[in-house]
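Secondary and tertiary structure notes
The lines below spell out each chain.
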Amino acid sequence: MAAAEPKPPAGAAAAAARRLARGCWSAFWDYETPKVIVVKNRQLGVVYRVVQLLILLYFVWYVFIVQKSYQDRETGPESSVITKVKGITSSEHKVWDVEEYVKPPEGGSAFSIITRIEVTPSQAQGTCPESVRVTNATCDSDEDCVAGQLDMLGNGVRTGRCVPYYHGAFKTCEVSGWCPVEDGASVSQFLGKMAPNFTILIKNSIHYPKFRFSKGNIENRKDNYLKQCTFDEVSHLYCPIFRLGFIVEQAGENFTELALKGGVIGVIINWDCDLDLSASNCNPKYSFRRLDPKHVPASSGYNFRFAKYYKINGSTTRTLIKAYGIRIDVIVHGQAGKFSLIPTIINVATALTSIGVGSFLCDWILLTFMNKNKVYSHKKFDKVCTPRHSPGSWPVTLALVLGQAPPPPRCCSTDPGRPQEEGQSQAQAVPPPQPCPTSAPPEQMVDIPDRGAEPGPWASEPSQQDSTLTDPRGLAQL
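In this text the structure is predicted, and so the values were computed from the model without any measurement.

So, the overall build of the chain
Broken down by element type, the chain carries twelve helices and 17 strands. Evaluated residue by residue, the chain yields a buried proportion of 34% over its 478 residues. For the chain, the share of sequence-separated contacts (at least 6 apart) that also reach a separation of at least 24 residues comes to 69%.

Next up, the structure:
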């Protein structure tokens, strides 16, 4: 039957706990630094410096010079757009001025310039043949037409009669509505003869509220400058008067084809401002492109309808106009940036941290591909197993695990005539931690002293500092 272990004194555990607490509190304020290993390998050094150089060039050139990440930025300026069109043109039957071919006339950021129309004159409420373009509109007899039927894509309510069409030998169902219908009596007129010479004034002002910066695209001059200039990117940047033909040409379109079928052209104004420079360096940049899908037959082109109403002998008549035109959409966007300390610090810290990628890559190469990867691994990583102790000595065990009380050196012996100190005897009572079973380090990694030489410092007695660390009472001094 095993002998019972002697119980420690009642106050010994509490004293050890207090010493452990004081040691932990003292260790809390210690500074720790990683171990640095210098590897003498030219190829690995070249890889390490090249990776660092690439990361440094990326941050200096792209992040700080191109992206200007040292600036605080604001996107989407507050913007106002006012437009005005001038010019006259003529068709086969009349002369058209700006009040007739610009819709809507308010002069906003989106407007249409009519270039071709299909006119159905003198429409009045009555009965007439339905258009052949409407589904199931053709007929052979009255039985093919249902009275009171309303086709949402048609031009009126069917009367139930089958009548001859406006031209040709076929028949369609009769409808009650505005007659004659559009396809039966429309006349086409082309207005695009003089349209390329129309001038468009685009007045734009922007404001960045974060930086309290405002600017416009018109030069501040008191003479009649705007009445004499047209836009030129080099000589007249702040004269925003554009010819319609110039806009279509810059968008890469043929004016005649666009005028016949219609289309949507975008005028994009970009305000990209570096507010670290003077306000004169913040200039608008104009670009032009077609916005509607011209290569999709089902949705290409642009047209709309409107009517003009009259009173003739007490009855209401109207002229229906289907208009094809060029729609202009003015789109304003941009961003402004100004130096700020916070993004500068964040990006500099990111750059310094990213340089460590070179160390990670070289460590991976050393531990994976180098011939001496085991030598490097042995030098880089230290392994210590947790010691085994009796349940009564848990404070000292925890202190040993935390590194607060290193084990006494087993290779050192005390003189027979010298009495052992109290702290040494008490520390030797605690078995030291056992090293982990690892392979022996290679010879080139171990410094072996000359056995024939005189004993060096490693063969001397433990220093006073080691005795203090070994003494459990010295935990409070750590």
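Things to note about the state of the cysteines
Here a disulfide denotes one covalent bond, and it connects the sulfur atoms of two cysteines. Summed over the entire model, instances satisfying the criterion amount to five disulfides. Two residues, C128 and C179, share a disulfide whose sulfurs are 2.1 Å apart. Between C128 and C179 the disulfide shows an S-S torsion of about -75°. By sign, it is left-handed. Taken together, the positions of C128 in strand β6 (residues 110–129) and C179 in strand β9 (residues 171–179) put the pair 51 residues apart, joining distant regions of the chain. Owing to a relative accessible area of 6%, C128 belongs among the buried residues under this scheme. Residue class for C179 comes out buried when judged on its relative accessible area of 10%. At a sulfur-sulfur separation of 1.9 Å, the disulfide partner of C139 is C162. Here C139 and C162 share a disulfide; its torsion about the S-S bond, 100°, makes the bridge right-handed. Taken together, the positions of C139 in strand β7 (residues 138–139) and C162 in strand β8 (residues 156–164) put the pair 23 residues apart, joining distant regions of the chain. Judged by its relative accessible area of 6%, C139 is buried. A residue is classified by how much of its surface remains accessible, and C162, at 11% relative accessible area, is buried.

A short note on the confidence of the model for the chain
Confidence in the prediction of the chain, expressed as mean pLDDT, is 80, and 77% of residues score 70 or more. Taken as a whole, residues 410–430 scores under 50 in pLDDT and shows 22 contacts with residues more than four places along the chain or in a different chain. Note on residues 433–478: pLDDT under 50 across the span, and 49 contacts to partners over four residues away in sequence or across chains.

A word on the packing of helix α2 (residues 42–66) against helix α8 (residues 357–368)
Two elements in contact, α2 and α8, have axes separated by 8 Å at closest approach and are oriented at 150°. With respect to their mutual orientation, α2 and α8 come out roughly antiparallel. Judged by the sense of rotation from one axis to the other, the crossing of α2 with α8 is right-handed. For the pair formed by α2 and α8, the contact residues are L44, V47, Y48, V51 and I55 on the first element and V357, G358, S359, L361, C362, I365 and L366 on the second. Across the contact of α2 with α8, the residue classes break down as ten nonpolar, two polar and no charged.

Each value, and the rule that gives it
- Residues numbered from 1 in each chain as written.
- Predicted model: local features only at pLDDT ≥ 70, side-chain atom pairs only at ≥ 80, totals over all residues.
- Heavy atoms only, no water.
- Helix = DSSP H or I, 4+ residues; strand = E, 2+ residues; numbered from the N terminus.
- Buried < 20%, exposed > 50% of the residue type's maximum accessible area, 1.4 Å probe, protein only.
- Contact = heavy atoms within 4.5 Å.
- Disulfide = S-S within 2.5 Å.
- pLDDT = per-residue confidence, 0-100.
- Axes fitted to C-alpha atoms, helices over the stretch in contact; angles between N-to-C directions.
- Parallel < 35°, antiparallel > 145°, perpendicular 65-115°, else oblique.
- Left-handed = near helix turned anticlockwise from the far one by under 90°.
- Nonpolar A, V, L, I, M, F, W, Y, C, P; charged D, E, K, R; others polar.

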